[in-house]
Structures are given as C-alpha cells and as structure tokens.
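# Summary of structural features
Residues per chain, in single letters:
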Amino acid sequence: MAQVTLKGNPVQVGGTLPATGSQAPAFTLVDATLTDTSLKDFAGQRKVLNIFPSIDTPTCATSVRTFNAQASALENTIVLCISADLPFAQTRFCGAEGLDNVKTLSTLRGRDFHDTYGVSINDGPLAGLTARAVIVLDENDTVLHTELVPEIADEPNYEAALNALN
C-alpha cells in the first residue's frame, strides 16, 4: 500500500505498481465500443498507460490532452488513457476535444486493474477510483517506467515517461 495526497490530505492507495524491468500484469478493460480489450490486444506496440481518477476533472483532462499531443510523434506507441469513467463519458470528452491520438479504456469491467496495477484509491472522497499514475511498457510488455503521482491534483512527469521510450 502506498500513500499519496489529494490537495494535501493523505490518501491510501492499494496494490503495488509493477516494478521497472518486470513483466506488466495482464488486464482486460472496456473500450469506447463497450468491447472487452486486453493488454494482449496491443501486442508488439509500446504502451503509455495514462491512469487517472476521472476525465471530468481539470488535471485528468490536461493529461489526456498532453499525451494526445505527444502521441503522434511516438513511433510504434499507443497511449492508453485508463480511468473508472464509463466509456460514454470518455468518448464524449475525446470527441468534444478532437482527441484521436489516444485510446480510452474504462475499468467498468476490470476493477481488478486497480489493485493489480497499484492505483486503487482506498479512502477519501475519491475512494473507488484510480490514483494518478503513468506506466510505460515496451513492445514486449516489460515495464520501462512507473510514476505514482504523489499529489493527485498534480500532473504526471510527461518528460520522464516519454524519455523512457528513447
């Protein structure tokens, strides 16, 4: 279990982030068409997992916009934006913003992802959602970089995540 903060207040986060150099755990989440989508569906591609509480918060929305802007310059790389939001909300947001360089995935059917990936917010007002984290995987799903953002209201370190792909 880890601890982060939300606007300075301590929040307990369950599970453990996958270690750098380890094999990423398998997962199955739900895509924009309500189709179960697994990590295996992205085999052979490098992956940036942009994990956050809700697309309807300013910092989360900024992270999706920022990774969307960077994604087109990344060779053989897909950015997966993962939250507990319903696929309808994720699709609405990306459509309204014109974001087409990222793929959204929901933990709607795949709540085990929260603990398996060490991002389960266990207490406080956001209990049940995912903490803000970035996990970068190579084309073989080896973990290259992890960041559990210490303050949920802060943006992740985009530069460190993207540099892991170089």
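Above this text is the structure in question.
Residues numbered from 1 in each chain as written. Predicted model: local features only at pLDDT ≥ 70, side-chain atom pairs only at ≥ 80, totals over all residues. Heavy atoms only, no water.

## Here we look at the pattern of salt bridges
Operational definition: Should a side-chain nitrogen of Lys or Arg be within 4 Å of a carboxyl oxygen of Asp or Glu, the pair is scored as a salt bridge. The numbering of helices and of strands both runs from the N terminus, where a helix is a DSSP run of H or I of at least 4 residues and a strand a run of E of at least 2. Relative accessibility thresholds used throughout: buried, under 20% of the residue-type maximum; exposed, over 50%; partly exposed, between the two (1.4 Å probe, protein chains only).
All told, the structure shown has five salt bridges when counted by the stated rule. The salt bridge involving Asp31 is made with Lys103; its shortest N-O contact spans 3.7 Å. With Asp31 in the loop between strand S3 (28-30) and strand S4 (36-38) and Lys103 in strand S7 (residues 102-106), the pair connects residues that are 72 residues apart, well separated along the chain. The buried category is assigned to Asp31, whose relative accessible area is 9%. A salt bridge links Asp36 to Arg109; the shortest N-O distance between them is 2.9 Å. Taken together, the positions of Asp36 in strand S4 and Arg109 in the loop between S7 and helix H3 (112-116) put the pair 73 residues apart, joining distant regions of the chain.

## Notes on the nonpolar core
Operational definition: We call a set of buried Ala, Val, Leu, Ile, Met, Phe, Trp, Tyr and Cys residues a nonpolar core when their side-chain atoms join them within 4.5 Å. The contact definition used throughout considers only heavy atoms, calling two residues in contact when any of these lie within 4.5 Å.
Of all hydrophobic cores here, the largest spans 26 residues; its most connected members are Phe27, Leu49 and Tyr117. Counting residues per element, the ones that place at least two in this core are strand S1 (2-6), strand S2 (9-14), strand S5 (46-51), strand S6 (77-83) and strand S9 (133-137). Discounting residues that sit within four places of it in the chain, Leu49 has contacts with Phe27, Leu80, Ile82, Tyr117, Ala133, Val134, Ile135 and Leu137. Ile55, Val64, Cys81 and Val134 belong to the second largest nonpolar core, which has 21 residues in total.

## Regarding the sheet that holds strand S8 (residues 120-121)
Two modes of strand pairing occur in sheets, parallel and antiparallel, and in both the strands are linked by backbone hydrogen bonds. We count it as follows: By this definition, two strands are paired if DSSP reports at least two bridges between them.
Taking strand neighbours across the sheet as the criterion, the three strands line up as S1-S2-S8 in an open arrangement whose pairing is antiparallel. This sheet does not close on itself; its edge strands, each paired only once, are S1 and S8. Where S2 meets S8, two bridges bridge the pair, whose relative direction is antiparallel. Residue pairing in the sheet places Gly14 in a bridge with Ser120 of S8.

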